[in-house]
Amino acid sequence: MPKLVFFLLYLALVVYALVDVIQAEEEDLGGIQKGFWVVAIVFLPLAGSIAWLVVSNTARSRRRSSGQQVTGFPAGQPAPARYERRTRSWEQDAAPLAPEDDPEFIWLMEQAKRKREREAREGAGRTEDAAPADVPTDVPTDLPTDADTDGRQRGEGHVEG
């Protein structure tokens, strides 16, 4: 009967250590990965379980004395979730508050100003030259007219000799 009690205590210690390792936070591991602790407890049940209890209790008592929240049973209030603020695509490129702050608006205004200046220069040049607005000034004047081409096509004015 006493052997059965010791075996049950031994089994309870190993199961408790395994469950505690799996549920432990990163700060409680003592700088060793969870997988190593599980392997140590499974292959060296007594030594691994006792080592885990010593390391985890030491880390938890240090955190408790430093004022950090310690989880365990019974569970206290969970820490509030902290997430980085996500910015949406339309929030990244904030619209300018005033037209003077918008580079596209400034560019468009500059283009309109240049167009007005160009039209004013062209308008001033036309009044001085007094050339008709619909006739381009760079067209050569020695081209044949329609009357000349019509007569040639009908055979008029062509003498064969």
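Please read all numbers here as calculations on a predicted model, not as lab measurements.

A. Structural view of the packing of helix α1 (residues 2-23) against helix α3 (residues 45-66). Following both chains from N to C, one finds α1 and α3 inclined at 50 degrees, their axes separated by 9 Å at the closest point. Put simply, α1 runs oblique to α3. The handedness of the crossing between α1 and α3 comes out as left-handed. Contacts between α1 and α3 pair Y10, L13, V14, Y16, A17, D20 and V21 from the former with P45, L46, S49, I50, W52, L53, S56 and R60 from the latter. Its residues assigned to classes, the contact of α1 with α3 comprises 11 nonpolar, two polar and two charged.

B. The side chain of D20, seen in detail. When you line up the elements, D20 lands in helix α1. Residue classification places D20 among the buried positions, given a relative accessible area of 11%. One polar contact links D20 to W52, side chain to side chain, over a distance of 3.0 Å. With residues near it in sequence (within four places) discarded, D20 still touches W52, S56 and R60.

C. A look at a nonpolar patch on the surface. Taken together, the side chains of M1, L4, F7, L8, Y10, L11, V15, V19, L46, I50 and V54 present a nonpolar region at the surface, about 1000 Å² in accessible area. Taken together, the elements giving at least two residues each to the nonpolar patch come down to α1 and α3. Mapped onto the fold, Y10 is located in helix α1. Overall, the relative accessible area of 33% leaves Y10 in the partly exposed class.

The rules behind each value
Residues numbered from 1 in each chain as written. Predicted model: local features only at pLDDT ≥ 70, side-chain atom pairs only at ≥ 80, totals over all residues. Heavy atoms only, no water. Axes fitted to C-alpha atoms, helices over the stretch in contact; angles between N-to-C directions. Helix = DSSP H or I, 4+ residues; strand = E, 2+ residues; numbered from the N terminus. Parallel < 35°, antiparallel > 145°, perpendicular 65-115°, else oblique. Left-handed = near helix turned anticlockwise from the far one by under 90°. Contact = heavy atoms within 4.5 Å. Nonpolar A, V, L, I, M, F, W, Y, C, P; charged D, E, K, R; others polar. Buried < 20%, exposed > 50% of the residue type's maximum accessible area, 1.4 Å probe, protein only. Polar contact = N/O pair within 3.5 Å; in protein donor to acceptor, adjacent residues only side chain to side chain. Patch = residues over 30% accessible without salt bridge, like charges linked within 9 Å, V, L, I, M, F, W, Y side chains within 5 Å. Areas by Shrake-Rupley, 256 points an atom, 1.4 Å probe, with all protein chains shown as cover. Salt bridge = Lys/Arg side-chain N within 4 Å of Asp/Glu carboxyl O.

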